[in-house]
Amino acid sequence: MAKFRMIHTDFWDDPKVVEEMTAEDKYFFLYLLTNSNTTQIGIYQITKKQMAFDMGYSPESVNALLDRFINHHKLVLYNPETREIAIKNWGRYNFNRGGKPVLDCVRAELKNVKDISLISFVGERIEKEEIKFIYDSFTTRTEKTGKKSETLLNQGFDDTSAISGQEKEEEEEKEEEKEKEEEIAAANRAELINQFISLRGHGFAHSPKDEDAAAEILSVVPLDEALKLLKQRFDTFEPKHNRDRINSLGYCVGYILDKFMENLSEGDANNGSRQKVYKHGSGFGRPATKNAEQALREAEAARRAWGG
């Protein structure tokens, strides 16, 4: 199911946006409202490295923009420990509809928020009473008891005690491990895209489709193999005329997957040695125990998806 975020046209008529925001501020604000990490509640986890990669900015630029939005515009809060960001006017742009599905989604997502102060920050600007009540119930009771599990929403529905210190520690470790994996995957995509831009020889920007292509390639092919095969694609490319050139990474997907499949087929038939290739590539989001047959099926499906 596609995920999308709604931006009202009066965003561009907001006096704060028109009079106080630079072009860079507007770009950053729209990114915070629409990036793929956003949730239904206006509070979500995202690393500064991910912001920098998505926007094509340096980490220093992202730090400066965050500081400006926190201390000058006062439109967001960011917790560097939990890596959660909260957008003050989220309810203004996204809660134009209600109903049970929306309310259930809001309840479920609020339970996952680690920094409770962010809930009250967003809840202040929510106009729909039924949704505002849910936000308030997660903060009012928590302030009195100091326990997230004893909010008004949970009272009468959940008799479980507060999460034990050990369980909480395990959850935090899992979150940290997940974040590290995401950062590694983002860094690998960035490296593949940077090599593509370098080999392309013109321009410094890339498109969302290039990011999709990088993710598709790295879901099957280890980074070192992908870099080698990408260069090979450019080296073997024969232009039909002087304006014919490789403009998108998507053009290279079929070639890279085909060559990778060929290399697998020509390699040692021993299943253990083939599994070793995927063990090294497990950081891209696939299990290390995947066998060669599964890999070939995945690569073939991916190749067809890209029109190969």
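An account of the accompanying structure is given in this report.

The rules behind the values
Residues numbered from 1 in each chain as written. Predicted model: local features only at pLDDT ≥ 70, side-chain atom pairs only at ≥ 80, totals over all residues. Heavy atoms only, no water. Helix = DSSP H or I, 4+ residues; strand = E, 2+ residues; numbered from the N terminus. Buried < 20%, exposed > 50% of the residue type's maximum accessible area, 1.4 Å probe, protein only. Contact = heavy atoms within 4.5 Å. Salt bridge = Lys/Arg side-chain N within 4 Å of Asp/Glu carboxyl O. Phe/Tyr/Trp six-rings, centres within 6.5 Å; stacked < 30°, edge-to-face > 60°. Pairing = 2+ DSSP bridges. Axes fitted to C-alpha atoms, helices over the stretch in contact; angles between N-to-C directions.

## Topic: the overall build of the protein chain
When you go through the protein chain residue by residue, the secondary structure sums to 14 helices and three strands. A total of 308 residues make up the protein chain; the buried ones form 39% of that total. When contacts within the protein chain are restricted to residue pairs at least 6 apart in sequence, long-range pairs at least 24 apart make up 66% of them.

## Brief notes about the pattern of salt bridges
Any two side chains of opposite charge can pair, so long as their charged atoms come close to each other. With the rule as written, the count across this model stands at eight salt bridges. A salt bridge links K16 to E20; the shortest N-O distance between them is 3.1 Å. Here K16 pairs with E20, and both are found in helix α1 (residues 15–20), just four residues apart, close to one helical turn. Residue K16 is classed as partly exposed on the basis of its relative accessible area, which comes to 24%. Between D104 and R107 there is a salt bridge, with the nearest N and O atoms lying 3.1 Å from each other. On the criterion of helical spacing, the pair formed by D104 and R107 is a turn pair, its members being three residues apart in helix α6 (residues 100–110).

## Here's the deal with the packing of aromatic side chains
Tallying each qualifying case throughout the model produces seven aromatic pairs. Pairing Y27 with Y57 gives two aromatic rings, centres 5.8 Å apart and planes at 85 degrees, and the pair type is edge-to-face. Of this pair, Y27 sits in helix α2 (residues 23–34) while Y57 sits in the loop between α3 (48–55) and α4 (59–72); the two residues are 30 residues apart in sequence, bridging distant segments of the chain. By relative accessible area, Y27 is classed as partly exposed at 39%. We classify Y57 as partly exposed; its relative accessible area is 22%.

## Examining the sheet that holds strand β1 (residues 43–45)
Within the open sheet, the three strands sit side by side as β1-β3-β2. Their pairing is antiparallel. Pairing within the sheet leaves two strands with one partner each, and these edge strands are β1 and β2 (76–79). Between one strand axis and the next, the sheet turns by 20 degrees as a mean value, whatever way the strands run. Here β2 pairs with strand β3 (residues 84–87) via four bridges, running antiparallel. For Y78, the partnering residue across the bridge sits in β3 and is I85. Its contacts with the sheet place α4 against β2 and β3, and it is angled at close to 125 degrees to β2.

## Focus on the environment of I87
Structurally, the position occupied by I87 is in strand β3. Classification of I87 by relative accessible area gives buried; the value is 0%. Placed 46 residues apart in sequence, I87 and I41 show a C-alpha to C-alpha distance of 9.1 Å. Setting aside residues up to four positions removed in sequence, I87 forms contacts with F29, L32, L33, G42, Y44, L75, V76, F121 and V122.

## Thoughts on unusual backbone geometry
Positive phi outside glycine occurs at K74, with the angle close to 55 degrees. One non-glycine residue, R83, lies in the positive phi region at around 60 degrees. As for its placement among the helices and strands, R83 is situated in the loop between β2 and β3. Judged by relative accessible area, R83 falls into the partly exposed class, the value being 27%.

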